[in-house]
Amino acid sequence: MDTKTYVVGLLESYQKRSKQIDLLHYELSHPARVSENEMIGALALAHGEGGDRPGGHASDKTLYIALNYQERTEEANQIGADEVVEQLVTLEKEQERLKYYVSLLKARHKKVIQMFYFDEMTPDEVAETLQVTVRYAHSIKSNAINELVSMYEYVDGLR
């Protein structure tokens with residue numbers, strides 16, 4: 001994929017990425033978890049059917065399974081949290097990089113990119129806001145994208 005296609009893709013997916021970042025922040029602060037007490041309680045208080053043990057009796061084997069399952073539950077919860085964090089870091093890094101590069105554009109170019117992509121304004125709304133023709137608004141956007149492309153190419157060329 002060439003750099004221009006990549007940059008345009010980043011701009012076009014800005015709002016989607018913002019929503020994904022918000023969702024992942026929520027999931028980190030409100031994880032779906034099974035509590036240790038719920039898991040141990042469910043396994044340790046299981047009663048056998050028939051036999052000579054009274055209902056609610058927990059064997060050593062049942063307690064071992066419960067404690068082992070507790071560890072597995074914690075590991076699974078942690079793996080899930082790690083995956084959320086990894087995805088969140090990737091998305092935030094790309095989003096912050098894009099916003100920073102846009103902040104380096106000339107004022108008019110920055111404003112046009114923000115209106116088209118960050119604020120999701122229509123070409124007519126952008127043109128009206130800037131008091132220019134729609135064609136000229138698209139021209140400014142094209143020049144701004146070319147500036148962003150050159151920034152990405154410069155930095156990527158250093159690696």
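What counts, and at which threshold
- Residues numbered from 1 in each chain as written.
- Predicted model: local features only at pLDDT ≥ 70, side-chain atom pairs only at ≥ 80, totals over all residues.
- Heavy atoms only, no water.
- Helix = DSSP H or I, 4+ residues; strand = E, 2+ residues; numbered from the N terminus.
- Buried < 20%, exposed > 50% of the residue type's maximum accessible area, 1.4 Å probe, protein only.
- Contact = heavy atoms within 4.5 Å.
- Areas by Shrake-Rupley, 256 points an atom, 1.4 Å probe, with all protein chains shown as cover.
- Core = buried A, V, L, I, M, F, W, Y, C linked by side-chain atoms within 4.5 Å.
- Expected span 1.5 Å × (residues − 1).
- Arc of directions from axis to C-beta.
- Lys, Arg positive; Asp, Glu negative; His and termini not counted.
- Salt bridge = Lys/Arg side-chain N within 4 Å of Asp/Glu carboxyl O.
- Polar contact = N/O pair within 3.5 Å; in protein donor to acceptor, adjacent residues only side chain to side chain.
- Axes fitted to C-alpha atoms, helices over the stretch in contact; angles between N-to-C directions.
- Parallel < 35°, antiparallel > 145°, perpendicular 65-115°, else oblique.
- Left-handed = near helix turned anticlockwise from the far one by under 90°.
- Nonpolar A, V, L, I, M, F, W, Y, C, P; charged D, E, K, R; others polar.

*Asks:* Is there a simple way to think about the overall build of the chain in this case?
*Replies:* Per the secondary structure count, the chain includes 7 helices and 0 strands. Here the chain holds 159 residues, and 30% of them are scored as buried. In the chain, once contacts between residues fewer than 6 apart in sequence are set aside, the share between residues at least 24 apart is 69%. Within the structure as shown, the chain displays about 10,900 Å² of accessible surface, and the carbon and sulfur contribution to it stands at 53%.

*Asks:* Can you walk me through the nonpolar core in this structure?
*Replies:* Nonpolar side chains in soluble globular proteins generally cluster together in the buried interior. The biggest cluster of nonpolar side chains holds 27 residues, and the ones touching the most others in it are Leu11, Leu98, Ile113 and Leu148. Sorting the residues of this core by element identifies helix 1 (3-12), helix 4 (60-103), helix 5 (107-118), helix 6 (123-130) and helix 7 (134-158) as the ones contributing at least two each. With 8 residues, helix 7 is the largest single contributor of residues to this core. Once residues within four sequence positions are removed from consideration, Leu98 is found in contact with Leu10, Leu11, Tyr14, Arg17, Phe118 and Tyr152. Judged by nonpolar contacts, the second largest core, of 5 residues, contains Ile21, Leu24, Val84 and Leu88.

*Asks:* Just checking my understanding: could you explain helix 2 (residues 14-29) for this structure?
*Replies:* Given 3.6 residues per helical turn, the α-helix brings residues three or four places apart onto the same face. In this model, helix 2 (16 residues) spans 23 Å end to end at C-alpha, consistent with the 22 Å of a helix rising 1.5 Å per residue. Among the residues making up helix 2, those that are buried are Tyr14, Arg17, Ser18, Ile21 and Leu24. Buried positions in helix 2, seen along its axis, are confined to an arc of 130 degrees and lie on one side of it. Exposed and facing more than 90 degrees away from the buried side of helix 2 are Lys16, Lys19, Asp22 and Leu23.

*Asks:* I'm lost on the side chain of Glu94 in this one. Help?
*Replies:* Position of Glu94 among the secondary structure elements: in helix 4. Buried and unpaired, Glu94 has no salt bridge, with Arg97 as the nearest side chain of opposite charge at 4.3 Å. Within the structure, the side chain of Glu94 is placed 2.8 Å from the side chain of Tyr6, a separation counted as a polar contact. Setting aside its immediate chain neighbours within four residues, Glu94 contacts Tyr6, Leu10 and Tyr152.

*Asks:* Even after reading the chapter, I still don't get the packing of helix 1 against helix 7, so can you show me in this structure?
*Replies:* The relative placement of two packed helices comes down to the angle between their axes together with the axis-to-axis distance. Orientation of helix 1 relative to helix 7, taken along the N-to-C sense of each, is 115 degrees, at an axis distance of 9 Å. When the interaxial angle is binned, helix 1 and helix 7 end up roughly perpendicular. The handedness of the crossing between helix 1 and helix 7 comes out as right-handed. Residues Thr3, Lys4, Tyr6, Val7, Val8, Leu10 and Leu11 of helix 1 touch helix 7, and the partners they reach there are Ile145, Asn146, Leu148, Val149, Tyr152 and Glu153. The residue inventory of the contact of helix 1 with helix 7, partitioned by class, reads 9 nonpolar, 2 polar and 2 charged.

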